Amino acid sequence: MLLISLFTFLISIIIMILTSILAKKTISDREKNSPYECGFDPKGSSRLPFSLRFFLIAVIFLIFDVEITLLLPISSIINLSNIFSWLSSIIFFLIMLLLGLYYEWHQGALEWSK
């Protein structure tokens, strides 16, 4: 068992050394191997201005996206139980969702240019 493990280790070391010797390394490969950070230069300044409007729209999207994922399984839950017991909670949930949307709209958070 020890001999097989040693043999496997030696073969893997030999293969790694051969591939590093035979590999073509050019200057253009350095650019391919550098990290890509959403179009930003990773070696540049990390303090870039960020649009607060974009952040606010993204947070609002996430909140309403989570709300929609909570609404999707309701149709299968209604089939398993009494519809009248779930109807009041569904209506309350939708009213709260619409009130939140109205509040964001009234505060001007949904207007892109201001």
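Residues numbered from 1 in each chain as written. Predicted model: local features only at pLDDT ≥ 70, side-chain atom pairs only at ≥ 80, totals over all residues. Heavy atoms only, no water.

### Notes on the overall build of the chain
Of the regular secondary structure elements, the chain holds 5 helices and 0 strands. Traced from its N-terminal end to its C-terminal end, the chain shows the element sequence α-α-α-α-α. Burial analysis of the chain (114 residues in total) assigns 8% to the buried set. (Helix = DSSP H or I, 4+ residues; strand = E, 2+ residues; numbered from the N terminus. Buried < 20%, exposed > 50% of the residue type's maximum accessible area, 1.4 Å probe, protein only.)

### Some remarks on helix α5 (residues 83–107)
Between its first and last C-alpha, α5 extends 36 Å over 25 residues, near the 36 Å set by a 1.5 Å rise per residue. Gly108 sits one or two residues past α5 and shows a positive phi near 85°. (Expected span 1.5 Å × (residues − 1).)

### Concerning the confidence of the model for the chain
Low-pLDDT stretches of the model should not have their predicted coordinates read in fine detail. Chain-level statistics for the chain give a pLDDT mean of 77 and a share of 75% at 70 or above. Summarising per-element confidence for the chain, the mean pLDDT is lowest in helix α2 (residues 27–33) (62) and highest in helix α1 (residues 2–22) (91). (pLDDT = per-residue confidence, 0-100.)

### Brief notes about the packing of aromatic side chains
Applying the stated rule across the entire model yields 1 aromatic pair. Ring geometry for Tyr102 and Trp105: centres 6.4 Å apart, planes at 85°, overall edge-to-face. Here the residue Tyr102 and the residue Trp105 both occupy positions in helix α5, the gap between them amounting to 3 residues, near one helical turn. (Phe/Tyr/Trp six-rings, centres within 6.5 Å; stacked < 30°, edge-to-face > 60°.)

### A short note on the UniProt feature "transmembrane region" (unreviewed entry) in the chain
Within this structure's numbering, the places UniProt gives as "transmembrane region" (unreviewed entry) are residues 6–23, 54–78 and 84–105. A distance of 26 Å separates the end C-alpha atoms of residues 6–23, which is 94% helix and 0% strand. Along residues 54–78 one finds 92% helix and 0% strand; the C-alpha atoms at either end are 37 Å apart. (UniProt positions renumbered as here; feature names shortened; annotations may be inferred.)

### Re the packing of helix α3 (residues 52–71) against α5
Two numbers describe how α3 lies on α5: the axes approach to 11 Å, and their chain directions differ by 165°. Relative to α5, the element α3 lies roughly antiparallel. Of the two possible hands of crossing, α3 and α5 adopt the one that is left-handed. Two secondary-structure elements touch here, α3 through Ile60, Phe64, Glu67, Leu70 and Leu71 and α5 through Phe93, Leu94, Leu97, Gly100, Leu101 and Glu104. Of the residues assigned to the contact of α3 with α5, the class counts are 8 nonpolar, 1 polar and 2 charged. (Axes fitted to C-alpha atoms, helices over the stretch in contact; angles between N-to-C directions. Parallel < 35°, antiparallel > 145°, perpendicular 65-115°, else oblique. Left-handed = near helix turned anticlockwise from the far one by under 90°. Contact = heavy atoms within 4.5 Å. Nonpolar A, V, L, I, M, F, W, Y, C, P; charged D, E, K, R; others polar.)

### Quick word on α3
Between the first and last C-alpha of α3 there are 29 Å, a value that for 20 residues agrees with the 28 Å anticipated at 1.5 Å per step. Within the span of α3, buried status applies to Ile60, Phe64 and Glu67. On an axial view of α3, the arc spanned by its buried residues comes to 45°, and they lie on one face. With respect to the buried face of α3, the exposed residues turned more than 90 degrees away are Phe61 and Leu62. (Arc of directions from axis to C-beta.)

### What about the environment of Leu97?
Residue position: Leu97 is located in helix α5. In this structure Leu97 comes out as buried when scored by relative accessible area, which is 13%. Considering only alpha carbons, one finds Leu97 and Ile68, 29 residues apart in sequence, at a separation of 9.6 Å.

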